[in-house]
Amino acid sequence: MTFNIEKYKEIQGFIEKNKTKTSIIAISKNIKTEIVQKAIMSGIRIFGENRVQEATKKFKNLKKSFSDLELHLTGPLQTNKVKDALKLFDTFHVLDRQKLADEFFKHQTLLKGKKFFIQVNIGMEQTKSGIEPSYCDEFIFYCKNKLKLNVIGLMCIPPYNDDPIKYFNQLKTIAKENNLHELSMGMSGDYDKAIKCGATYIRVGTALFGERKYD
């Protein structure tokens, strides 16, 4: 397993061809530190992780060595891990319930400079986390106006066996209606469609690092 810089360049070329302002988040969960270091030496600066403990082991020292690294939390977050997560991550794609939003609010001294995406359960699937589309307006207002969290956009994971385009466009509509300008959508299997639908962040792991070996 290694970092596929050629695939990264290919995706960058696709972004440039489509004239979109899309950033690639290299999802490095279950990837060894030495491979992440190779990606960094190749010029990659935006990474995504799913677990706080794993990310801390990999990135705590790397962030000290490379001050321009940007670390995104892209997996589910338990409320008891919020404080530790705020000490390490820059951007959170996991704001999926009021209890979690309230927990972030408790740590005012750690919130400076942090950015948040609200996760939308765009396909209303029971197996996925997120705010149902019909409750998005209310939750966005609560997070932005009541808690004053720096919500910059919306994130979604469309149903696996369905055409993602309609879901990407739906997310884009909800964001526009709420004056949000960032869209975190698209992964290794559908990033091309997400880019064409206006994604500002795509979360790409397998295409860049290969299939993961899980413990």
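Data block above holds the structure.
How each quantity is defined
- Residues numbered from 1 in each chain as written.
- Predicted model: local features only at pLDDT ≥ 70, side-chain atom pairs only at ≥ 80, totals over all residues.
- Heavy atoms only, no water.
- Helix = DSSP H or I, 4+ residues; strand = E, 2+ residues; numbered from the N terminus.
- Rg over C-alpha atoms; globule rule 2.2 N^0.38 Å.
- Contact = heavy atoms within 4.5 Å.
- Areas by Shrake-Rupley, 256 points an atom, 1.4 Å probe, with all protein chains shown as cover.
- Lys, Arg positive; Asp, Glu negative; His and termini not counted.
- Charge placed at Lys NZ, Arg CZ, Asp CG, Glu CD.
- Patch = residues over 30% accessible without salt bridge, like charges linked within 9 Å, V, L, I, M, F, W, Y side chains within 5 Å.
- Salt bridge = Lys/Arg side-chain N within 4 Å of Asp/Glu carboxyl O.
- Buried < 20%, exposed > 50% of the residue type's maximum accessible area, 1.4 Å probe, protein only.
- Phe/Tyr/Trp six-rings, centres within 6.5 Å; stacked < 30°, edge-to-face > 60°.
- Expected span 1.5 Å × (residues − 1).
- Bend = angle between axes of the 7 residues up to and from the residue.
- Core = buried A, V, L, I, M, F, W, Y, C linked by side-chain atoms within 4.5 Å.
- Disulfide = S-S within 2.5 Å.
- Axes fitted to C-alpha atoms, helices over the stretch in contact; angles between N-to-C directions.
- Left-handed = near helix turned anticlockwise from the far one by under 90°.
- Nonpolar A, V, L, I, M, F, W, Y, C, P; charged D, E, K, R; others polar.

Trainee: Mind showing me how you'd approach the overall build of the protein chain here?
Mentor: In terms of regular secondary structure, the protein chain is built from nine helices and eight strands. Taken against the 2.2 N^0.38 rule, which gives 17 Å for 215 residues, the C-alpha radius of gyration of the protein chain at 17 Å falls within 12% of a compact globule. For the protein chain, the spread of C-alpha atoms along the three principal axes comes to 45 × 40 × 30 Å. Sequence separation of 24 or more characterises 60% of the internal contacts of the protein chain that already satisfy a separation of 6 or more. Counting every atom, the protein chain has about 11,400 Å² of accessible surface; 48% of that belongs to carbon and sulfur. Here the protein chain carries 36 positive and 25 negative side-chain charges, and the mean point of each set is 5 Å from the other.

Trainee: What's the story with a positive patch on the surface in this structure? I'm lost.
Mentor: Taken together, the side chains of Lys-60, Lys-64, Lys-83 and Lys-87 make up a positively charged region of the molecular surface. Where the positive patch is concerned, the elements lending two or more residues are helix H3 (52-65) and helix H4 (82-88). Note on placement: Lys-64 falls in helix H3. Residue class for Lys-64 comes out exposed when judged on its relative accessible area of 63%.

Trainee: Whenever I open this one, the packing of aromatic side chains confuses me. Can you help?
Mentor: Where two aromatic rings form a pair, the distance of their centres and the angle of their planes describe that pair. This model, assessed by the stated rule, comprises eight aromatic pairs. Ring plane angle 50 degrees and centroid distance 6.1 Å describe the contact between Phe-3 and Tyr-8, whose orientation is recorded as tilted. Each member of the pair, Phe-3 together with Tyr-8, is buried. The interplanar angle of 55 degrees and the centroid separation of 6.1 Å between the aromatic rings of Phe-89 and Phe-92 together place this pair among those described as tilted. Three or more aromatic residues joined by ring pairs form one cluster here, namely Phe-89, Phe-92, Phe-104 and Phe-116.

Trainee: How do you make sense of H3 when you look at a structure like this?
Mentor: In an α-helix, one turn spans 3.6 residues, which is why side chains three or four residues apart end up on the same side. The end-to-end C-alpha separation of H3 is 19 Å, in line with the 20 Å expected for 14 residues at 1.5 Å each. At Phe-59, H3 shows its maximal bend, which comes to roughly 40 degrees. Listing the buried residues of H3 in full gives Val-52, Glu-54, Ala-55, Lys-58, Phe-59 and Leu-62. Buried positions along H3 lie against helix H2 (33-41), strand S2 (46-49), strand S3 (70-73) and H4.

Trainee: What is the right way to look at the nonpolar core in this model?
Mentor: In a soluble, globular protein the nonpolar side chains are often hidden away together inside. Membership of the largest hydrophobic core comes to 65 residues, with the highest contact counts inside it found for Phe-47, Leu-95, Phe-104 and Leu-149. The greatest single-element share of this core, amounting to five residues, is contributed by helix H7 (residues 165-177). Residue contacts for Leu-95: discarding those within four places in its chain leaves Leu-100, Ala-101, Phe-104, Phe-116, Phe-117, Ile-118, Gln-119, Phe-139, Cys-143, Leu-149 and Val-151.

Trainee: Just checking my understanding: could you explain the state of the cysteines for this structure?
Mentor: Defined simply, a disulfide is a covalent bond joining two cysteines at their sulfur atoms. One pass over the full model with this rule turns up zero disulfides. You can see Cys-156 has no disulfide; the closest cysteine sulfur is in Cys-197, sitting 9.7 Å from it.

Trainee: What is the right way to read the packing of H2 against H3 from this model?
Mentor: To characterise two packed helices, one gives the angle between the axes of the helices and the distance between these axes. One can describe the packing of H2 onto H3 by two numbers: an axis separation of 10 Å at closest approach and a directional angle of 35 degrees. In this structure, the crossing between H2 and H3 has a hand that is right-handed. Where H2 abuts H3, its residues Thr-33, Val-36, Gln-37 and Ile-40 lie against Lys-58, Phe-59 and Leu-62. A breakdown of the residues in the contact of H2 with H3 according to their chemical character gives four nonpolar, two polar and one charged.

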